[in-house]
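Understanding the architecture of this molecule
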Amino acid sequence: MSVNVPKIGSRVRVTTMYPNTVVYRNSDNGYVTYTREGVVVPSIFRDPFMFAVETGAPDHPVSEFNAKSQHVVKIEYIVGGAQQLATDNKAWKVKSTDGKKVYLVQRVNGKFSCTCTGFEFRKDCKHIGAVAKKVA
Ligand SMILES: [Zn+2]
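Residues numbered from 1 in each chain as written. Predicted model: local features only at pLDDT ≥ 70, side-chain atom pairs only at ≥ 80, totals over all residues. Heavy atoms only, no water.

1. Concerning the overall build of the protein
On a plain count of helices and strands, the protein comes out with two helices and eight strands. Across the protein, helices and strands are ordered from the amino to the carboxyl terminus as β-β-β-β-β-β-β-β-α-α. Residues classed as buried in the protein amount to 38% of the 136 residues present. The contacts of the protein with a sequence gap of at least 6 include a subset with a gap of at least 24, amounting to 46%. Of the roughly 9,100 Å² of accessible surface on the protein, 52% is carried by carbon and sulfur atoms. (Helix = DSSP H or I, 4+ residues; strand = E, 2+ residues; numbered from the N terminus. Buried < 20%, exposed > 50% of the residue type's maximum accessible area, 1.4 Å probe, protein only. Contact = heavy atoms within 4.5 Å. Areas by Shrake-Rupley, 256 points an atom, 1.4 Å probe, with all protein chains shown as cover.)

2. Quick notes on the side chain of Thr-16
Within the secondary structure layout, Thr-16 lies in strand S1 (residues 11-19). Non-local contacts of Thr-16, meaning those with residues more than four positions away in its chain, are made with Val-32, Thr-33, Tyr-34, Phe-65, His-71, Val-72 and Val-73.

3. What to know about the packing of aromatic side chains
Applying the stated criterion across every chain yields a total of two aromatic pairs. Aromatic side chains Phe-51 and Phe-65 sit 5.5 Å apart centroid to centroid with 25° between the ring planes, which places their arrangement in the stacked category. Of this pair, Phe-51 sits in strand S3 (residues 50-54) while Phe-65 sits in strand S4 (residues 62-66), and the two are 14 residues apart along the sequence. Each member of the pair, Phe-51 as well as Phe-65, is classed as buried. Note on Trp-92 and Phe-112: the rings are 6.2 Å apart at their centroids and 35° apart in plane angle, and the pair reads as tilted. Taken as a pair, Trp-92 in strand S6 (residues 89-95) and Phe-112 in strand S8 (residues 111-114) lie far apart in primary sequence, 20 residues in all. Look at Trp-92 and you get buried, because its relative accessible area is 12%. (Phe/Tyr/Trp six-rings, centres within 6.5 Å; stacked < 30°, edge-to-face > 60°.)

What follows is the structure in structure tokens.
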């Protein structure tokens, strides 16, 4: 399955579908679907089929999608939605202390997020600290 890459600035609802690997399969067809809604912003990846959606969700303010992915099954355009286009959308790759991992620190409208587990639990981490110091 693949979809067309949505235009930057448009408001969309993206539906993704994954095989349900949970033991208790009470969903009808063995698949679970997820939806993300927000404004399309440029992807941080240099791939013409990648696009990002700024959702404003605290856990995942920006979701990256690949239009060629079999998991992206549907894009709906939301007409008349508020155009809350990010004025500030940047990302940095930060190496872990042991140099074995690379985390992605993103800044959307002044709010930082990181892909490390520390951020997941504390909503702050040293990777964000390092980036904030660098860009200050
Ligand atoms: Zn981090």
